[in-house]
Amino acid sequence: MRLISSRLLLSIFFLCGLSWGMSARADVVLSAKQVAVAGVSLQGVETRLSPGLEPGTVQLNLHAAKADIPALGWHRVGLTLDGTLQRDAQMRWLFSGSTKVSGAPGRALANAAAALVVDASSNTLQIDFGQDKTEIDAALPLDQTTHVQVSLKQLPASWLQGLLSKAWSGRITGGRMDAQFALDARDGGIQASGDFSLTKLGFDSPAGTLAGQGLDGQGRLGIDTTGASSRIEFDGSLRNGQLLLGSLFANLPSHPVQLGLGADVSRGAIAFNRLRISDPDALQLDGSLAFDARGRLQRLRLDRFHASFPLAYQRYGQAWLNTLGLPKLQIAGQLDGRLDLRPAGWHSFSFHTGGLDVADGSGRLSVVDLRGGLDWAAQGDRPATTLGWDSLKLYRIANGETVSHWRSRNGSLALQQPLIVPVFGGQLRVPMLTWRPAAAKGQRLATSLVLTGVDMGDFSKAMGWPQFPGTLAGAIPSLRWVKDRIVFDGGLSLNVFGGFVDITQMTLQQPFGVSPVLTGNIALRQIDLGALTSVFDFGGITGRMNGSIDNLRLVDWTPVAFQASLLAGSGGRISQRAVNNLTAVGGGGMVGGLQGAVLRLFKNFDYERIGLSCTLQANVCQMGGLDSRAGGYTIVDGSGLPHLQVIGHQTRVDWPTLVRRLKAAIQGSGPVIR
């Protein structure tokens, strides 16, 4: 900025020299439509030279309606220079006055005091500007005006917007700086380097991948815009404030964090070919990353990273992990590793920990004493690794201590021996698992699972259900990862209540997302109603029940759609309380009149069939039973005397209402009909 202004002022001094010998009372007015001085283009120029108030002085006033200074990124700004010019005993030109620039980035030099000294004997031009708390001092040789030494004190960072726009498309939003630097103007751009300190710096970028706010720091900065791409070098420290580098969002501490980077900028794309961060008690990393003009990540390579938790999470990882659906994590321990993500996908990664405890705030995931690591590469072989834990909880399912053995060969990370995990008195056995991180979607994961001997009492207690006896077992011969879904081939079988509950065609979408989606079909075979109703405090029913829940869809573990049908078709006994609860669920009643009054005298009844169905869609259940009739459907068809018949009258019931009725029934609080 000061460099280009100096060229303009040298031409002014030349005009003053021409007018020096004129009459002391004469005014000289020079006008021009356009004036071009190296690096500066002025339009609508008017210069007035008049005798000063003091003997031997000249009053100078220059105004340019439009000024373009491309090296500074200034275009069509207004420029006014006004002050007194004189020569001292050493034959130096001295200028003292003011400058006003309108339309410059950050209102630079909008109303500044100006002082200039031209010393031909020492081949030096000295320029000083002052505005409010801001001081700008510049010096340059008269025979090489493309080079300038600049000192800045309390400079608003926004004043540098035009200069930085030559190398970067971002925007300065606030802050001040002190600096000592050298600047050289070249035909293709500028080269500048020097030391600086920052106070409350703020900036952002069009793509939103680079931003900062309230940053304090110091270091050395270099800018070179002379090549095909602009080059930025930074080595120093930052503290306080927030910094965004792609997916890395940092809440910087009050102590200095060392930062080194080298970036190439071209047509909005930016590549950090050198990136180093050192925050001793939280995070250290060395690597590189790149974004295209739209802010999309093109490359991320970390040759080394070391994270110490919980500080690394609090300062650098919280925002990123929130986007992955892992909010409010509790993390303790240390983690070392490396990774290489290229435009075509993953190329390699590895990590190792001597002990890490992790728990997410929603209770979906927790691990105690995770130890060991994984080492994978898309090509070649990597050393074998082990990864184990003391306990691992997925949602509410607790898994016991285990150690897994892994090896990466030609892009496949595979278990080297079956993995056995204790689960609620039984075990989950993983005979094989192969993961191909770089493969096409749908071909990345292949595994099989066998679940045996899981105690349903412990499982139901963990899930917050009433405890009931039985075991859970099953096999999933193939599990596939398709896009963001896990598809289970095979199924699980629960041996409960003297019968079986079979779960098939399961899929799980976004398992660790904000709203995971589970789909599947459930078949119930020969469930002992006596055992079932005794656990749920529903009222006594004997007999066996079959049924199905097809097209089940749960969002964040809450049912949003299904087609359910339950049938006890072999007869049995039912208590008065169970009758009342079934009546409440169906929104119906027993037959009325004298027969209804007689039925109320009995505690138990024989029945021939019990049937109930519900199709859930759009938060409404379409209810049905054994048959349809005018005004309702049959839920219980009695047998013998007294003959019982329960009719459901509400064919459409809001799902929240139905859930409320079921809860009231199984909790023993009596039937509720609304």
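Residues numbered from 1 in each chain as written. Predicted model: local features only at pLDDT ≥ 70, side-chain atom pairs only at ≥ 80, totals over all residues. Heavy atoms only, no water.

A. Representation of the overall build of the chain in the model. Each helix and strand counted, the chain has 8 helices and 44 strands in total. Scaling as 2.2 N^0.38, a compact globule of 674 residues should have a C-alpha radius of gyration of about 26 Å, whereas the chain reaches 40 Å, well beyond that. Projected onto the principal axes, the alpha-carbon positions of the chain cover approximately 135 × 65 × 35 Å. The buried share among the 674 residues of the chain stands at 47%. The contacts of the chain with a sequence gap of at least 6 include a subset with a gap of at least 24, amounting to 48%. For the chain, the accessible area works out to roughly 31,900 Å², and carbon and sulfur atoms hold 54% of it. One finds the centroid of the 62 positive side-chain charges in the chain at a distance of 6 Å from the centroid of its 50 negative side-chain charges. (Helix = DSSP H or I, 4+ residues; strand = E, 2+ residues; numbered from the N terminus. Rg over C-alpha atoms; globule rule 2.2 N^0.38 Å. Buried < 20%, exposed > 50% of the residue type's maximum accessible area, 1.4 Å probe, protein only. Contact = heavy atoms within 4.5 Å. Areas by Shrake-Rupley, 256 points an atom, 1.4 Å probe, with all protein chains shown as cover. Lys, Arg positive; Asp, Glu negative; His and termini not counted. Charge placed at Lys NZ, Arg CZ, Asp CG, Glu CD.)

B. Structural view of the confidence of the model for the chain. Looking at the chain, pLDDT values average 85 and 91% of them are 70 or higher. Low pLDDT, under 50, characterises residues 18-24; the predicted model gives this stretch 10 contacts beyond four residues in sequence or across chains. Considering only residues more than four positions removed or in separate chains, one finds that residues 589-599, a stretch of pLDDT under 50, has 20 contacts. (pLDDT = per-residue confidence, 0-100.)

C. Looking closely at the packing of aromatic side chains. In the structure shown here, the tally under the stated rule is 6 aromatic pairs. Ring geometry for Trp346 against Phe349: centres 5.9 Å apart, planes inclined by 80 degrees, an arrangement best described as edge-to-face. A relative accessible area of 34% places Trp346 in the partly exposed class. The class of Phe349 is buried, set by a relative accessible area of 12%. When the centroid spacing of 5.5 Å and the interplanar angle of 75 degrees are considered together, the rings of Phe562 and Trp655 count as edge-to-face. One end of the pair, Phe562, is in strand S36 (residues 558-568); the other, Trp655, is in helix H8 (residues 655-666), and 93 residues separate them in sequence. The pair Phe562 / Trp655 is uniform in exposure class, with both members buried. Clustering of aromatic rings is evident, with ring pairs tying together Trp346, Phe349, Trp376 and Trp435. (Phe/Tyr/Trp six-rings, centres within 6.5 Å; stacked < 30°, edge-to-face > 60°.)

D. Spotlight on helix H3 (residues 311-323). In a regular helix each residue adds 1.5 Å, so 13 residues correspond to 18 Å; H3 covers 19 Å between its end C-alpha atoms and thus fits that length. Among the residues of H3, Ala312, Tyr313, Arg315, Tyr316, Gly317 and Leu321 are the ones counted as buried. Summarising the contacts, the buried residues of H3 are in contact with strand S15 (248-251), strand S16 (257-266), strand S17 (269-279), strand S18 (283-291), strand S19 (297-309) and strand S20 (330-342). (Expected span 1.5 Å × (residues − 1).)

E. View of the pairing of strand S42 (residues 632-638). Taken across its 7 residues, S42 has 7 buried, putting it largely inside the fold. Note that strand S39 (residues 604-617) and S42 share 3 bridges and pair antiparallel. Bridge assignment links Ile610 to a residue of S42, and that residue is Val636. Pairing between S42 and strand S43 (residues 645-648): 4 bridges, direction antiparallel. Bridging from a neighbouring strand, Tyr633 pairs with Gly648 of S43. The hairpin formed by S42 and S43 contains 6 residues between the paired strands, and Gly640 there has a positive phi angle of roughly 75 degrees. (Pairing = 2+ DSSP bridges.)

F. Geometry of the pairing of strand S24 (residues 391-394). Note: strand S22 (residues 365-377) against S24, 4 bridges, orientation antiparallel. Following the sheet pairing, Val368 is matched in S24 by Ser391. Once S24 ends, the chain turns through 2 residues before running back antiparallel as strand S25 (residues 397-399), passing Tyr395 with a positive phi of about 55 degrees.

G. Main features of the nonpolar core. Ranked by size, the top nonpolar core spans 165 residues in total, and within it Trp74, Phe272, Ile574 and Val636 carry the most contacts. The residues touching Ile574, leaving out its near neighbours within four places in the chain, are Gly540, Ile541, Val579, Leu582, Lys603, Asn604, Phe605, Tyr607, Ile610, Val636 and Leu644. (Core = buried A, V, L, I, M, F, W, Y, C linked by side-chain atoms within 4.5 Å.)

H. Highlighting the state of the cysteines. Under the defined criterion, the tally for this structure stands at 1 disulfide. One disulfide in the model links Cys614 with Cys621; its S-S distance is 1.7 Å. For Cys621, a relative accessible area of 0% translates into the label buried. (Disulfide = S-S within 2.5 Å.)

I. A look at H8. Between the first and last C-alpha of H8 there are 17 Å, a value that for 12 residues agrees with the 16 Å anticipated at 1.5 Å per step. Regarding H8, the residues found buried are Trp655, Thr657, Leu658, Arg661, Ala664 and Ala665.

J. Molecular detail of the environment of Glu54. You can see Glu54 is positioned in the loop between strand S2 (40-51) and strand S3 (57-69). Glu54 gets classed as exposed once you look at its relative accessible area, which sits at 55%. Spatially, the C-alpha atom of Glu54 lies 9.5 Å from that of Gln86, the residues being 32 residues apart in sequence.

K. Structural detail: the pattern of salt bridges. Scanning all chains against the criterion turns up 21 salt bridges. One salt bridge connects Arg92 with Asp88, and the closest N-O pair in it is separated by 2.7 Å. Residue class for Asp88 comes out buried when judged on its relative accessible area of 16%. As a salt-bridge pair, Asp264 and Arg231 come within 3.2 Å of each other at their nearest N and O atoms. Here Asp264 is found in strand S16, whereas its partner Arg231 is found in strand S13 (residues 230-239), with 33 residues between them in sequence. Each of the salt bridges in this network shares a partner with another, and the network as a whole consists of Arg231, Glu233, Asp235, Asp264 and Arg274. (Salt bridge = Lys/Arg side-chain N within 4 Å of Asp/Glu carboxyl O.)

L. Focus on the side chain of Ser350. Structurally, Ser350 can be placed in strand S21 (residues 345-359). Look at Ser350 and you get buried, because its relative accessible area is 14%. Excluding residues that lie within four positions of it along the chain, Ser350 makes contacts with Asp336, Gly337, Arg338, Leu374 and Asp375.

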